[in-house]
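Now for the letters of each chain:
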Amino acid sequence: MPWFILTSKSDRFSEELLIKPLYSDHLYVHFQFATKWDTNPDQESFRHTHIFPRALGEIIERYNVQELHVSLAGGLWRYETWGYPILDAAPGAEVWAWFKADTEDVDKNWKELASSLSGLLCASLNFINVDNSVNPEYTFKPRGVVSDQKINSTYVRYASLPREIVCTENLTPWKKLLPCESKSGLASLLNSGYIHNVRYHSIAIHMRPVCRDDACEFTSLELQQSVSLVYDYLIMGTKNWSFRKLFGQGLMGPCPLSENSVIFVDTTSNVSVPFQLIPSPDDYITSVRGGHVSTFAKYNVKPYAMSINANYLGKESVLLNSPPSLHANQYITGYGQERGGIVTKIYNNHWGALEVVVLQNIPWYVPIYLHTLKIDVNGVRVEPVGIHYIPGRQRQRPYHLEILLKLPPRSVASVSIDFDYVFLKWQEYPPDANHGFYIGSAVISANLPLARNFTGLPQDGATIADSFNASRRGYLVQVRTENMVITLPTPDFSMPYNVICLACTVVALAFGPLHNITTKRLVLTVKDNEKLIVKIKNRIVKAWTERNSGSDVNQSVQ
Amino acid sequence: MPAEKSEKYVENRPEQRCYKTGTILLMYTVGASIRYWLIFSRYQSIIGNHIEVSTPLNSWKRVSEGLYLQSKGINPYEGDLLHEAPVTMLLYRTLTQSLKLPVEITFLIFDIGTAVLLYFIARRYMFQLFVQQEESKEEYSEDSKEFLLAGPDFLNSPVFVAAAFLFNPYMVFNCVGLSTTVFHNFFLALFLCSMLYGSILLSTVSLAFCTMMSLSKIRAFVTVGVFILVMVSLKYISTVLSNGDAFIKNVYGFILTVPDLQPNIGLFWYFFTEMFDHFRDLFICSFQINATILYLIPLSIKFRNDPFLLTTAVLFLISVFKSYPCLGDVGFVLSLLPCFIHLFNYSQQGFLVGVIFLITTALGPILWHLWIYSNSANANFYFGVTLAFAIAQIFLVTDILFAYLKREFCLKNGKDRKIDGKDALLILE
Amino acid sequence: MVTQIIGPCWSVKRLGIPDSQIILMIADDMACNPRNPRPATVFNNANQHINVYGDDVEVDYRGYEVTVENFVRLLTGRLPPGTPRSKQLLTDEGSNVLIYLTGHGGDGFLKFQDSEEITSQEMADALEQMWQKQRYHEIFFMIDTCQAASMYERFYSPNILAVGSSLVGEDSLSHHVDPAIGVYIIDRYTYYALEFLENVDPHTKKTMGEFLNVCPKRVCISTVGVRTNLFRRNPHQVPITDFFGSVRPVELISNVTVQPLVTNKTQKKAPALPKKYRYVPPLVDFKYLV
């Protein structure tokens, strides 16, 4: 098979796999596929693409997108016990995008972008519309590079669809965006029957412009595609994991188009819960990041069949979980279907104060009252540093609330707000109206000073290898909370004609007498005492007697 | 002269009591203290949260939200929670923040003020009735003299009106529930009072205020010129206050297009919940026409001799057919009923109406609770109760109007209902 | 019941129709439903253990998107602008279209999502619109519901061959239950139809006439209804691959000369000017706000 060595081509692809045992009986598996294309994103027409997927490129070019982040997740990431993932994703579907500064109608581009993405990923992203999108002011700043001094938040849009499910039909087109698809390389391990049998499953696409080099005078286009999975040992049946148990097969070889194809196994927990890796790793890497040391075992993917097994040596200590610095929960309060409240509880386990930004994207059918916003930290009422609030309008705009808070060390902050239950028109209810309506998760962003239990990528990196020894001033986490479901009161769906008839009857009951009163005069008329039935009886009797008398006459004549 | 005449009548009928001033003041005190006690008790939130008392138009929670947003520099009309006009928001802001009055006391003061105004309204109307009666005495037939009103009636009716307002549970709940219909009723009473006393300026100003608050009163204007002038100036002030015209869509567009389908005691909500989309505009138009202008002209022509009765009947119909009625509207017009004490002899459906009112008032909250909290009933139950309530009100108003016509006929033609010795019926044709 | 719809999808893919020419509408999420003990799998029957959900299924309309309006718009082509290509039926006057419907139905309607129905008249009108707009050459209409024959009784457009799993007044019955999941996974007619198709390969000589007889009354219990009067050809002379398969002839060429593309374009893209780019700090610093 002829190999075209294209040295003049300007894009590079790398694939990595990270396997990390988590505190509880779970195993975190993360696939990271990164493409970097040294082209000018502003001028590229995406007609000739090499490794970069053309399907995505056409969408980006058509809708003038500067940055695109799409994620589909099933399950909830448990921050308290699992730490932080490499890339966060809210349960359901989440899309946010920055448009270029010369975009004329951002809302129209956003809607059509969502439609195109729904066709690309086989998800119902076409339900994203102006009435469930917000433009966050503080939370979703551009991840890529920008040349302007001022960031204008009118060019960003964020929407989440908590009801979306993620299944094989989303994985299939996602895999087709990879250069080797699922035929070779690490992507061949993505067998849907295995990777959906997990506690947490998420696929994501992140596209952004990055610095081409250190001088950062030119930009390149970077595409990250990732799959995050959290396996449960109970479902697998055993703690000794292997490629066969995780993916149903071994690895046949690297993707020929990738620059490097590596597998990392996080061995930091080997100290407390030791396990043995078979075959032996090619290399050991120690990463010191933000004051925390992690060790990794590294495997280069060989061009022949390989598989990694881990055998637990059975010498287990009792583990204590130290929860991460920041995690949050969200829930609904109240009873009945008239009014309720949303409470977001944020836990700061760090020994210092943390500055957080809480973003709530509340749908228009959950009208919130800002004057009922209460923030209690350890039971004491506090005022937030700032609030950005755009009230929603029914059927037009959701409620957009961003709260800037300073959390004192080792505290629990509880942000609560009241809302009313609304009554919708009967065709606005989904077919399963009594299932309820979803409220998306809140996004709590903070810059953590420490990188404990943190695996996130640095802002200027795209691969897992970039995150080794990547100490920075702050480590961005964006914690997503749970979704919530509220059951709105429903009308009787079988009643439209009945209701119309009854209401119109009442109107007629008013109209009739009033019409009579105003158009007629009161007069005295002789009382006709006979009732109707008596009248009929009299008439029948009269007719009968006439007939009888007629026949009598006839008879008498004869 | 009228005062002398009334005293003469008092002398002629010593057996009928007149209420002294002391009794009246005691009545007001009791009414005020009932409200005071309830408003500061733990029942306030239950009453205030009930949908029959607070609708999207008059809920104080939404006004507080609007005031809070204004204080934070966010335009409250950007969202669609607030449906009060900017001028009224200014009024509330002045009352609560500048004057630092507790909200409950403000409501109490305005409610008692409305009661006082109603007393004067009734007194003035009774006086006018008396004058009219004296003037047209000779037109009446001989045997209908007993139907004429007498002195004690003239003096007692205002007391009954005030009592009907003070002790009416609808009005008590309206005040305790902190619904802004209290202010609305105050301005409405001011309008009625000034209309009866003949002061054009005050009546148009208060009517304009009323209209600003709620569109439906636009029907009953007195003098076009002054009214338009006042309306225009109020609109200008509103635009300046709210930095733009967004409030128009929120306030008047809201009343006219009925986007919020929260249940209330009216007919609109369930109708438009179940309505097909392509018929929506047609039915919105027809319902709004029905609520506002349909009965205005015919009733004005027929009852031109008694404008106060006309106004009361129009207010009744508004409170039945408007898009977001509440108990305050119904209670206000009910408390005006004792003015027409002379018509009660002719009304036929008093018992029926009274019973339906009792039953629906009791049943409404129960079925609401079953639907929303217990999840065992459904929306149809509550809808049925609101239908019955509307029917009761309709029966009441048609009965009163019909009674008026019958009384006029009897006064002119006598009590006897015989033509040539045969029994005759009084019918409309 | 999702096997019902995935099974034929899998069969036609096996016989050569690419994903880009299949539009799949599934209202319920079965494969990745939390109650499915084997996530992301749908087996065609309890014995054979072929995972028809496979690794390459693409569902174009799912969940709340499956409505009567979307279905009719899809058939007639009147979709809102911006609809992606995978959600459009891009057919023309030479295309043979296979339409397979399954679910709960009755006399003259098919139920969508527990809240609405498509009536046989609407179906017939939609197909007539397709004919008027020359969006098909021939249609094979398969429907597996109760009283299925009522759905095609009202068709009046030419070149439609229709088969329903039961006549008016009869119910279509399920084949077997999967005790692990607890639901009936496939109906009798579809089961025998798929069994027939499994023995078909892309070069088969089998005809549509044989396919129409695939489920006699003794196995299907309901009577399979067929409507051929609108179809111009004799079904016994129509190969089954006309509707179920797609055979694209491929010719291998060994001699290839590639001519370099001569571009006369002298205009080149202006080279990008260096600018100063920077990464934006992801979170605003609070001291700039206070």
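Within each chain, residues carry numbers counting from 1 in the order of the written sequence. The order in which chains are written sets their letters, starting at A; the order in which ligands are written sets their numbers, starting at 1. Reporting in this predicted model follows two pLDDT cut-offs: at least 70 for local features of residues, and 80 or more for side-chain atom pairs to be given and counted; totals over whole chains, interfaces and linings ignore these cut-offs and use all residues.

- The name recorded for chain B in an unreviewed UniProt entry is PIG-U domain containing protein, from Asbolus verrucosus.
- On record in UniProt, under Pathway (unreviewed entry), the comment for chain B is "Glycolipid biosynthesis; glycosylphosphatidylinositol-anchor biosynthesis." UniProt positions are given in the numbering used here, feature names are shortened, and annotations may be inferred rather than shown by experiment.

- Where an unreviewed UniProt entry is consulted, chain A appears under the name Gpi16 domain containing protein, with the organism given as Asbolus verrucosus.

## Here's the deal with the overall build of chain A
Moving on, step 1. The helix and strand inventory of chain A stands at 9 helices and 27 strands.
Moving on, step 2. Restricting the calculation to C-alpha atoms gives the radius of gyration, and the globule rule supplies 2.2 Å times the number of residues raised to the power 0.38. In terms of overall dimensions, chain A is more spread out than a globule: its C-alpha atoms have a radius of gyration of 34 Å, far above the 24 Å expected for 558 residues.
Moving on, step 3. Its C-alpha atoms put chain A at 135 × 65 × 55 Å along the principal axes.
Moving on, step 4. Burial is judged by counting other C-beta atoms within 10 Å of a residue's own C-beta: 20 or more means buried, 12 or fewer means exposed, and anything between counts as partly exposed, with every C-beta placed from the backbone. Burial analysis of chain A (558 residues in total) assigns 45% to the buried set.
Moving on, step 5. Contacts are defined on C-beta atoms placed from the backbone: any two residues whose C-beta positions lie within 7 Å are in contact. By sequence separation, contacts in chain A at least 24 residues apart represent 78% of the contacts at least 6 residues apart. Runs of E in the DSSP output that reach at least two residues are strands. Runs of H or I that reach at least four are helices, and both are numbered from the N terminus.

## Side note on the nonpolar core
Moving on, step 1. As used throughout, a nonpolar core is a set of buried Ala, Val, Leu, Ile, Met, Phe, Trp, Tyr and Cys residues joined through C-beta atoms within 7 Å of each other. Counting 201 residues, the largest nonpolar core has Val95, Ala97, Leu117, Leu125, Val356, Val358 and Ile444 of chain A as its most contacted members.
Moving on, step 2. Counting residues per element, this core draws most heavily on helix H3 (residues 106–121) of chain A, which supplies 7 residues.
Moving on, step 3. Other than its neighbours up to four places away in sequence, Val95 of chain A contacts Val70, Ala114, Leu117, Leu125, Ile128 and Ala159 of chain A.
Moving on, step 4. In this structure, Met195, Ile265, Leu336 and Val385 of chain B belong to the second largest nonpolar core, which totals 110 residues.

## A closer look at the interface of chain B and chain A
Moving on, step 1. Chain B puts 52 residues into the contact, and the matching count from chain A is 41 residues.
Moving on, step 2. Mapped by element, the contributors of at least two residues to the side of chain B that touches chain A are helix H4 (60–71), helix H13 (268–273), helix H15 (296–302), helix H18 (350–372), helix H19 (379–413) and strand S2 (422–428) of chain B.
Moving on, step 3. The element best represented in the side of chain B that touches chain A is H19 of chain B, accounting for 12 residues.

## Describing helix H2 (residues 21–39) of chain B
Residue and element names in this part refer to chain B.
Moving on, step 1. Between its terminal C-alpha atoms H2 stretches 27 Å, which fits the 27 Å expected from 19 residues at 1.5 Å a residue.
Moving on, step 2. Within H2, burial applies to Gly31, Arg35 and Ile39. Down the axis of H2, the sector holding all buried residues measures 65°, keeping them to one side. In this structure, H2 carries Gly22, Thr23, Leu25, Leu26, Thr29, Ser33 and Trp37 as exposed residues pointing more than 90 degrees from its buried face. A helix is expected to reach a length of 1.5 Å times the quantity of its residues less one. Our arc is simply the arc of the directions from the helix axis toward the C-beta atoms.

## With respect to the environment of Asn469 of chain A
Residue and element names in this part refer to chain A.
Moving on, step 1. Mapped onto the elements of the fold, Asn469 is located in the loop between strand S24 (443–448) and strand S25 (475–480).
Moving on, step 2. Distance from Asn469 to Arg143, taken between C-alpha atoms, is 20 Å for residues 326 residues apart in sequence.
Moving on, step 3. Ignoring anything within four residues of it in the chain, the contact list for Asn469 reads Ser287, Val288 and Arg289.

## Thoughts on the interface of chain C and chain A
Moving on, step 1. Taken together, the contact between chain C and chain A spans 42 residues of the former and 48 residues of the latter.
Moving on, step 2. Under the scheme applied, nonpolar residues are Ala, Val, Leu, Ile, Met, Phe, Trp, Tyr, Cys and Pro; charged residues are Asp, Glu, Lys and Arg; polar residues are all the others, including Gly. Considered class by class, the residues forming the side of chain C that touches chain A number 20 nonpolar, 8 polar and 14 charged.
Moving on, step 3. Being paired, for any two strands, means DSSP has found at least two bridges between them. Taken together, the 2 bridges between strand S6 (residues 145–146) of chain A and strand S12 (residues 278–279) of chain C define a ladder with antiparallel strand orientation. Within S12 of chain C, the residue paired with Val145 of chain A across the bridge is Tyr279 of chain C.

## Comments concerning the sheet that holds strand S5 (residues 133–134) of chain A
Residues and elements named next belong to chain A.
Moving on, step 1. A sheet is described by the order of its strands in space; here 11 strands give the open sequence S5-S7-S4-S3-S8-S9-S2-S1-S10-S13-S12, paired in mixed fashion. Each edge of the open sheet is held by one strand with a lone partner, namely S5 and strand S12 (283–289).
Moving on, step 2. Pairing of S5 with strand S7 (residues 156–161) involves 2 bridges; the strand directions are antiparallel. The partner of Ser133 across the bridge, within S7, is Ala159.

## Some words on the sheet that holds strand S8 (residues 160–164) of chain C
Adjacent strands of a sheet form backbone hydrogen bonds with each other and so pair up, either parallel or antiparallel.
Residue and element names in this part refer to chain C.
Moving on, step 1. Strand order in the open sheet formed by 4 strands is S3-S7-S8-S11, with mixed pairing between adjacent strands. Among the strands making up the open sheet, the edge pair consists of strand S3 (96–102) and strand S11 (225–227). Pairwise comparison of adjacent strand axes, ignoring direction, gives a mean angle of 10° for this sheet.
Moving on, step 2. Pairing geometry for strand S7 (residues 138–144) and S8, over 5 bridges, is parallel. Paired with Ile139 across the bridge in S8 is Ile160. For helices, the axis comes from a line fit to the C-alpha atoms of the stretch in contact; other axes are also lines fit to C-alpha atoms, and the angle between any two N-to-C directions lies between 0 and 180 degrees.

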